[in-house]
Amino acid sequence: MAEEYAHEPDAHRYVLRVDGQIASVVDYTVLGDALSMTRTFTNPNLRGRGLAGKIVEFAVDDVEHNTNYHVVPMCWYVAQWFDQHPERSELLRARTA
């Protein structure tokens, strides 16, 4: 099972492909200095494999390392992910750098 991660800024999404097919997606909207993660979706026949968590982690890592945005978790799954990863809560506050 080959996994490929990508940020597709023109489509406002992060994508995880498994064996070349879209498996899981995080959609977002940019609102000023915030990246609002609005939806997480995993292909129904691939659910239960932790793919949503993997794409959320990839998206959060990208925001942290490559932008000055903070994250607004509008999607329940993203909010739950941050609850399970309190060490990443710094991204939930406005950033100055």
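Our structure's up above, just so we're on the same page.
To start, this report covers the structure provided alongside it. Nothing here was measured: the structure is a model prediction, and the numbers come from that model.

Rules and cut-offs
Residues numbered from 1 in each chain as written. Predicted model: local features only at pLDDT ≥ 70, side-chain atom pairs only at ≥ 80, totals over all residues. Heavy atoms only, no water. Helix = DSSP H or I, 4+ residues; strand = E, 2+ residues; numbered from the N terminus. Buried < 20%, exposed > 50% of the residue type's maximum accessible area, 1.4 Å probe, protein only. Polar contact = N/O pair within 3.5 Å; in protein donor to acceptor, adjacent residues only side chain to side chain. Contact = heavy atoms within 4.5 Å. Salt bridge = Lys/Arg side-chain N within 4 Å of Asp/Glu carboxyl O. Expected span 1.5 Å × (residues − 1). Core = buried A, V, L, I, M, F, W, Y, C linked by side-chain atoms within 4.5 Å.

1. Here's the deal with the side chain of Glu 8
Along the chain, Glu 8 falls in strand 1 (residues 3-8). Here Glu 8 falls in the buried class, since its relative accessible area comes to 19%. A distance of 2.6 Å separates polar atoms of two side chains, one belonging to Glu 8 and the other to Arg 13. Non-local contacts of Glu 8, meaning those with residues more than four positions away in its chain, are made with Arg 13, Val 15 and Arg 17.

2. Topic: the side chain of Ser 24
Along the chain, the position of Ser 24 falls in strand 3 (residues 21-31). Given a relative accessible area of 0%, Ser 24 falls into the buried group. Within polar-contact distance, the side chain of Ser 24 engages the backbone oxygen of Phe 41 at 3.0 Å. Among residues more than four places away in sequence, those in contact with Ser 24 are Tyr 14, Val 15, Leu 16, Phe 41, Thr 42, Leu 51, Ala 52 and Ile 55.

3. Remarks on the pattern of salt bridges
In the structure shown here, the tally under the stated rule is 6 salt bridges. With a closest N to O distance of 3.0 Å, Glu 8 and Arg 17 form a salt bridge. For Arg 17, a relative accessible area of 21% gives the class partly exposed. If you follow the salt bridges from partner to partner, you end up with Glu 8, Arg 13 and Arg 17 in one network.

4. Looking at helix 1 (residues 51-66)
An ideal rise of 1.5 Å per residue puts 22 Å on 16 residues; helix 1 measures up with 22 Å between its terminal C-alpha atoms. Taken together, the buried positions of helix 1 are occupied by Leu 51, Ala 52, Gly 53, Ile 55, Val 56, Ala 59, Val 60, Asp 62 and Val 63. Check the buried side of helix 1 and you find it contacts strand 1, strand 2 (13-18), strand 3, strand 4 (34-42), strand 5 (70-73) and helix 2 (76-84).

5. Quick look at the nonpolar core
Ranked by internal contacts, the top residues of the largest apolar core, which has 21 residues, are Tyr 14, Met 37, Val 60 and Phe 82. Of all the secondary structure elements, the ones that give two or more residues to this core are strand 2, strand 3, strand 4, helix 1 and helix 2. Per element, the largest residue contribution to this core is 6 residues, and it comes from helix 1. Ignoring any residue separated from it by four or fewer positions in sequence, one finds Val 60 in contact with Met 37, Trp 81, Phe 82, Arg 88 and Leu 91.

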